[in-house]
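# Structural characterization, general
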Amino acid sequence: MSVKKSPQTALIHTDYQAPEGFAAFPSAIHHASTVLFKNVAAMRSGDWKEKNAYTYGLHGTPTTFTLEARLAEIEDGKHCLLAPSGLAAIAMVNFALLKSGDDVLLPENVYNPNRELGRWLSADFGITARYYDPLIGEGIAALIQPNTKLIWTEAPGSVSMEVPDLPAICKAAHERGVLVALDNTWSAGLALRGFDLGVDIIMQALTKYQSGGSDVLMGAVITRDRGLHDRISLAHMRLGMGVGADDAYLVSRGLPTMRLRFEAHDAAARKLAAWLQTRPEITKVLHPVFPDCPGHEVWQRDFSGAGGLFSVIFDERYTEAQTDRFVDALKLFKIGYSWGGANSLVMPYRIQQMRKNWHGSGTLVRFNVGLEEVQDLIADIEQAFGEL
Ligand SMILES: *Cc1c(COP(=O)(O)O)cnc(C)c1O
C-alpha cells in the first residue's frame, strides 16, 4: 500500500514501476552504492561472495556481474573480478596470494608498474620479489624456493616482446605447488588460451582492446578454480575494488567488435613491421611473428594472432637525441602510453636501464599500430626517418 506523499517526498520516492519485459542488446547501466533489500531476512541471508544476490554497490550490480561473466567466458574461465585498472588487478592478485615471508617470481620483462609493486612488497611487506629470464622455460624450477607462492608471466613482455614457454613454466610451478598468473593483455584473451596452457590466473588490462576507446581504465582477474577465486574475492572486497557502472558499460560495448579490431590491428602491425625490417635505420624488429624475435617458436605453437603492439631497435649509430627527434617528428603516431585504441601511438624506452641483462645499445621504440590506413602510417614513419 502506498503512503500519502507531499511534493517534497515525491521528489525522492516513487511507486512507479516501469513495465517488465523490456529487452535490448546493450547491458543495462545500474548505478548504485546502496542496494535495497526486500526485508531484513533478505539482508541477513545475503552473502557478498555469492553472485546470485546483491548486497552493496561495491560488491557488484547486474552491470558488473554481466561484464564479469562475459569476460570469464571469453577466456574460457569460470570466475572473474573487475578492478579499477589493470594495475589494480595485478595488485589484487598479489595481496590475495602473498603474505609476509613469501616469495614471488616476476619475468625480467614484466610490465614496469608490476616491477614497482614488487619493489614495494620487498621493501615494506616482508615479501621477496625475484626476477627471471622470460625465456627460462622449465629452468624456472631451479629458482623456485619452498616459500615461492606465485609466478607472474607476461606473454609476450609488452616492451621487449620475448614470448615465454607457458606450459614449461606451469609444469615446473605446479610440480612444486606454485601458482602461475598470466598477464594476457597483449592477446586480449583472444590469441592466447592461457588456461589451456596451464595457468591458474589470467589478468587482463581491459583498458586496452576490450575498451578500444582510449577512454576507460579497468582490469580483470579470471580464474577457473573456485577456491582460488574466493581468495582473490576476499582481497577484492577488503581493498574496495569497485568499478563505475558507466565504465563497465563502455567495456561491454567494446566486446562485440573486439575480434574485428584486434585482427585489423594485427594485420596492419605485421605490414608495418615487415616494412620496418627492410629499413637500414632499424637493426631489429621485435615482433613475435619474426623468427629472430626471442620465443618466436613458442608464439607459433601457442598463439593464434598478435595484435598491434611491437617494438624496434634503432641502429646504434643513432644517438638517443636523434631517435627522440624521430619520435617527435611523427605526425600520426602520437606519443603516449597504453594501446588497443584506434589511434597509433609511439613510445621510446630506455631499455638498457630497465633491464639488467639487455644486450645491445640501440634505442628501443615501441609502436602501437592503430586502425589508420597502414600506407599512411608507413609514410609517416618514412618522413620522420628523415629527421634522424
Ligand atoms: C596497460 C597494461 C597493464 C595495466 O593496465 P592499466 O589499466 O593501465 O593499469 C598491465 N599489463 C600490461 C601488459 C599492460 O599493457
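Computed from a prediction, not measured in an experiment: that's the story for all the values here.

Rules used throughout
- Residues numbered from 1 in each chain as written.
- Predicted model: local features only at pLDDT ≥ 70, side-chain atom pairs only at ≥ 80, totals over all residues.
- Heavy atoms only, no water.
- Phe/Tyr/Trp six-rings, centres within 6.5 Å; stacked < 30°, edge-to-face > 60°.
- Buried < 20%, exposed > 50% of the residue type's maximum accessible area, 1.4 Å probe, protein only.
- Helix = DSSP H or I, 4+ residues; strand = E, 2+ residues; numbered from the N terminus.
- Lys NZ or Arg CZ within 6 Å of the ring centre and 35° of its normal.
- Expected span 1.5 Å × (residues − 1).
- Contact = heavy atoms within 4.5 Å.
- Near = heavy atom within 4 Å.
- Polar contact = N/O pair within 3.5 Å; in protein donor to acceptor, adjacent residues only side chain to side chain.
- Areas by Shrake-Rupley, 256 points an atom, 1.4 Å probe, with all protein chains shown as cover.
- UniProt positions renumbered as here; feature names shortened; annotations may be inferred.
- Pairing = 2+ DSSP bridges.
- Axes fitted to C-alpha atoms, helices over the stretch in contact; angles between N-to-C directions.

## Thoughts on the packing of aromatic side chains
The final tally for this structure, using the stated rule, is 15 aromatic pairs. With a centroid separation of 5.0 Å and 90° between ring planes, the pair formed by tryptophan 120 and phenylalanine 125 is classed as edge-to-face. Taking the relative accessible area as the measure of exposure, tryptophan 120 reaches 42% and is therefore partly exposed. With a centroid separation of 5.2 Å and an interplanar angle of 65°, the aromatic rings of phenylalanine 333 and phenylalanine 367 are classed as edge-to-face. Here phenylalanine 333, found in the loop between helix H11 (320-329) and strand S10 (334-335), pairs with phenylalanine 367, found in strand S12 (residues 364-368); they are 34 residues apart in sequence, far enough to count as distant. For the pair phenylalanine 333 and phenylalanine 367, one class covers both residues: buried. Feature note: the residues Trp275, Phe310, Phe314, Tyr318, Phe326, Phe333, Phe367 and Phe385 constitute an aromatic cluster, connected by ring pairs. Here arginine 115 stacks its cationic end above the ring of tyrosine 131, 4.5 Å away from the centre of that ring.

## Brief notes about unusual backbone geometry
In the segment running from alanine 155 into proline 156, the intervening peptide bond is cis, with an omega of -10°. Tracing the backbone through its elements, the reader meets proline 156 in the loop between strand S4 (148-154) and helix H6 (166-175). The residue methionine 161 is not glycine, and still its phi comes out positive at about 70°. Take methionine 161: it is sitting in the loop between S4 and H6. Look at alanine 188: it is not a glycine, yet its phi comes out positive at around 60°. For alanine 188, the position within the fold is in the loop between strand S5 (179-183) and strand S6 (201-205). By relative accessible area, which is 1% here, alanine 188 ends up buried.

## A short note on helix H3 (residues 62-74)
The α-helix advances 3.6 residues per turn, and as a result positions three or four apart in sequence lie on the same side. The end-to-end C-alpha separation of H3 is 18 Å, in line with the 18 Å expected for 13 residues at 1.5 Å each. Those residues of H3 that sit buried are Thr63, Thr64, Phe65, Leu67, Glu68, Leu71 and Ala72. Check the buried side of H3 and you find it contacts strand S1 (79-83), strand S7 (219-223) and helix H8 (245-254). At the exit of H3 stands aspartate 76, carrying a positive phi of roughly 60°.

## Some words on the site of the ligand
Of all residues adjacent to the ligand, which total 15 residues, the nearest are Gly86, Leu87, Asp183, Thr207 and Lys208. Between the ligand and threonine 207, the relevant distance is 2.6 Å, taken from an oxygen atom to a side-chain nitrogen or oxygen of the residue. The contact in question runs from an oxygen atom of the ligand to an N or O atom on the side chain of lysine 208, over 2.5 Å. Taken by itself the ligand offers 380 Å² of open surface, and the protein chains cover 91% of this. Those elements that provide at least two residues to the shell around the ligand are helix H4 (86-97) and S6. No other element matches H4, which puts three residues into the shell around the ligand.

## Some details on the UniProt feature "modified residue: N6-(pyridoxal phosphate)lysine" (unreviewed entry) in the protein chain
Look at the UniProt record and you will see "modified residue: N6-(pyridoxal phosphate)lysine" (unreviewed entry) annotated at Lys208. Here lysine 208 lies in the loop between S6 and S7. Those residues within four positions of lysine 208 in sequence are excluded, and the remaining contacts are Thr185, Ser338, Trp339 and Gly340.

## A word on the sheet that holds S6
One open sheet holds the seven strands; their spatial order is S1-S7-S6-S5-S4-S2-S3, and the pairing between them is mixed. Both edges of this open sheet fall to S1 and strand S3 (128-132), since each of them pairs with a single strand only. Ignoring which end each strand starts from, the neighbouring axes of this sheet average 20° apart. As defined by bridge partners, strand S2 (residues 103-107) adjoins S3 across five bridges and the pair is classed as parallel. Across the sheet, residue valine 104 finds its bridge partner in S3, namely alanine 129. Packed on one face of the sheet, helix H7 (residues 226-238) meets S1, S5, S6 and S7 and runs near 20° to S1.

## Digging into the environment of phenylalanine 333
Judged by relative accessible area, which is 1%, phenylalanine 333 ranks as buried. Separated by 151 residues in sequence, phenylalanine 333 and leucine 182 place their C-alpha atoms 29 Å apart. Ignoring sequence-local partners within four residues, the contact set of phenylalanine 333 consists of Leu272, Ser344, Leu345, Val346, Phe367, Asn368, Leu377, Asp380 and Ile381.

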